[in-house]
Amino acid sequence: MELIAKRPNGTKDMIPAEAHKWHTVEHIASETAECFGFKEIRFPMFEETGLFKRSVGDTTDVVQKEMYTVTAKGDDSFTLRPEGTAGTVRAVLQNGLLNDALPLKAYYIISCFRHEKAQKGRLREFHQFGIEMFGSKSYLADADVIALAQTVLERLGIKNTELNINSIGCPQCRQKYQDALREYFSAYKDKLCDTCLSRMEKNPMRILDCKSEICSDIAKDAPIILDYLCEECNEHFENLKENLTERGIKFTVNPKIVRGLDYYTKTVFEFVSNSIGAQGTICGGGRYDGLVEQLGGQPTPALGFAMGIERLLLTMEAENCEFFAPKTCDVYIAAMGKAAEKKTVQLVNLLRDEGYHAEYDVMGRGLKAQMKYADKIGSKFTIVLGDNELEKGTAKLKNMAKGEETEITLGDGFIDRFSDMLIGDMFDGSLGDNLF
RNA sequence: GUGGAUAUAGCGUAGCUGGUUAACGCGUCAGUUUGUGGCACUGAAGACCAUGGGUUCGAAUCCCAUUAUCCACCCCA
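Residues numbered from 1 in each chain as written. Chains lettered and ligands numbered in written order. Predicted model: local features only at pLDDT ≥ 70, side-chain atom pairs only at ≥ 80, totals over all residues. Heavy atoms only, no water.

1. A closer look at the confidence of the model for chain A
The pLDDT averaged across chain A works out to 89; a share of 95% of its residues lies at or above 70. Counting interchain partners and residues more than four positions distant, the pLDDT-below-50 stretch residues 429–436 has 20 contacts. Two numbers describe this predicted complex: its pTM, 0.91, and its ipTM, 0.88. (pLDDT = per-residue confidence, 0-100. Contact = heavy atoms within 4.5 Å.)

Have a look at this one:
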């Protein structure tokens, strides 16, 4: 087939047959967030470019080479959001939300945009479920946020994951640590890869994350951030680990995880799936105690995480997790003849007004074909309407699963009689679980 | 951005040592007598064999380029 336009590189279409999968993730994620006291926030898909530069960080890959930046007619430069935290913080500040009772807890389901080379689990337009919490500096907040992420994954049925945590300290301890790293790595200047060499000055911590064999070999014996934490950061991390253990949340301390966004402080963590290949990070997050102040607010500790919805779906499919059953038709009205047509529309309207999922033939098909279609769409009941029935003022109501047919009187009180019959059938145990 | 692989009807595949109307399964549609689905049988529609060039008497089959997808690097959700 020759199309005049193709889907842009790195984007996906969500087709109706798969809608229930997205609904499963979105519903479970938002319901779980609500359980933990989070409320939904929505904010623009694009922001002033400077917002991302200042929050995500000028030196990060995301800002340097992955942003979709557009200039409108005026002078302002706007950027399609590459992540959700910056926009959330901006919206929180602009609406003065931190003046209300703290902690402030918000969640979102959004699309994000990054100009990367597409591959499995890495898209140019992707979707995130994320949460942010403002106001608490306690390790309890960290633990609660991690527990929320864990609960969402559990409720989705995802099993094959590992939780990695680390602390990258506050700006003070990080400064000391980075100096130590530079000193250590400078001894290997001639062996490190080019990217790592350029990382030396700007962000030596990223060298720890390098996948090249040589670099990671050298990094094995590099100083560890945890040895450089100040008293406060160390205590925070110790308390967090203890609390997670008390909650029964299994984790691995991985001194090498360094989130690639500049705003993180102290706790960072990620859930990695072993089921979907190289792009296995299905949830990443941490604390960003300095960001609110950096964007012009009062100093306010904060933290959050984001999950990649496409990656969650990949994982669920790989692990054969259960999705919500797709909604199916409650009753299909199969009609024959012009006279029945009017009555059919009347009945369908009645049924739909009552909230039933009711359908009828708009294809001009014969009775047999209509029945076939009714079966195809999984209709629980069919109503057959023809001249015979119209004369008598009745219709045939057929339970598709059982194949049984009964007569139902049309006219006043039809809906009540119809509902009664459904309930009767439900007690017979013949109906599925998503009747209403 | 860098490597490697792949690209045939809506989907999944066969055909690929070049040669008549490109095959199969699923799906779609229609029939298998009177007004009733699931099973079975029969038939039909649907592909300029990713796109653009080239080699050749002749290419889905060989060559080149482009694009997309997949895998890895990188990065991250």
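2. Considerations on unusual backbone geometry
Look at the link from L102 to P103: it is a cis peptide, with omega at 0 degrees. As for its placement among the helices and strands, P103 is situated in the loop between helix 4 (85–94) and strand 5 (104–113). One non-glycine residue, N320, lies in the positive phi region at around 55 degrees. Residue placement: N320 occurs in the loop between helix 11 (309–318) and strand 12 (331–335). (Helix = DSSP H or I, 4+ residues; strand = E, 2+ residues; numbered from the N terminus.)

3. Notes on the protein's contact with RNA strand B
Among the 49 residues in the neighbourhood of RNA strand B, the closest are listed as K120, R199, R259, K376 and N388. By atom count, sugar and phosphate contribute 53% of the portion of RNA strand B lying within 4 Å of the protein. At a separation of 3.2 Å, a base oxygen of RNA strand B approaches a polar side-chain atom of E116. Counting only elements with at least two residues in the surface near RNA strand B, the list comes to strand 6 (125–134), strand 10 (281–287), strand 11 (302–308), helix 13 (367–376), helix 14 (387–392) and strand 15 (394–399). For the surface near RNA strand B, the element with the most residues is helix 13, which contributes six residues. (Near = heavy atom within 4 Å. Polar contact = N/O pair within 3.5 Å; in protein donor to acceptor, adjacent residues only side chain to side chain.)

4. Focus: the nonpolar core
Among the nonpolar cores identified, the biggest contains 51 residues, and F134, F185 and L192 are the most heavily contacted of them. Once residues lying within four places of it in the same chain are set aside, the contact partners of F185 are L192, M200, P204, I207, L208, I218, A219 and A222. V145, A147, L244 and C283 belong to the second largest nonpolar core, which has 42 residues in total. (Core = buried A, V, L, I, M, F, W, Y, C linked by side-chain atoms within 4.5 Å. Buried < 20%, exposed > 50% of the residue type's maximum accessible area, 1.4 Å probe, protein only.)

5. Some words on the packing of helix 5 (residues 139–156) against helix 9 (residues 231–247)
Closest axis-to-axis distance for the helix 5/helix 9 pair is 9 Å, and the angle between their directions is 45 degrees. By the criterion of interaxial angle, the relationship of helix 5 to helix 9 is oblique. At the point where helix 5 passes helix 9, the crossing takes the right-handed sense. Between helix 5 and helix 9, the residues in contact are Y139, L140, D142, A143, D144, I146 and A147 and H236, N239, L240, N243, L244 and R247, respectively. In the contact of helix 5 with helix 9, the residues fall into seven nonpolar, three polar and three charged. (Axes fitted to C-alpha atoms, helices over the stretch in contact; angles between N-to-C directions. Parallel < 35°, antiparallel > 145°, perpendicular 65-115°, else oblique. Left-handed = near helix turned anticlockwise from the far one by under 90°. Nonpolar A, V, L, I, M, F, W, Y, C, P; charged D, E, K, R; others polar.)

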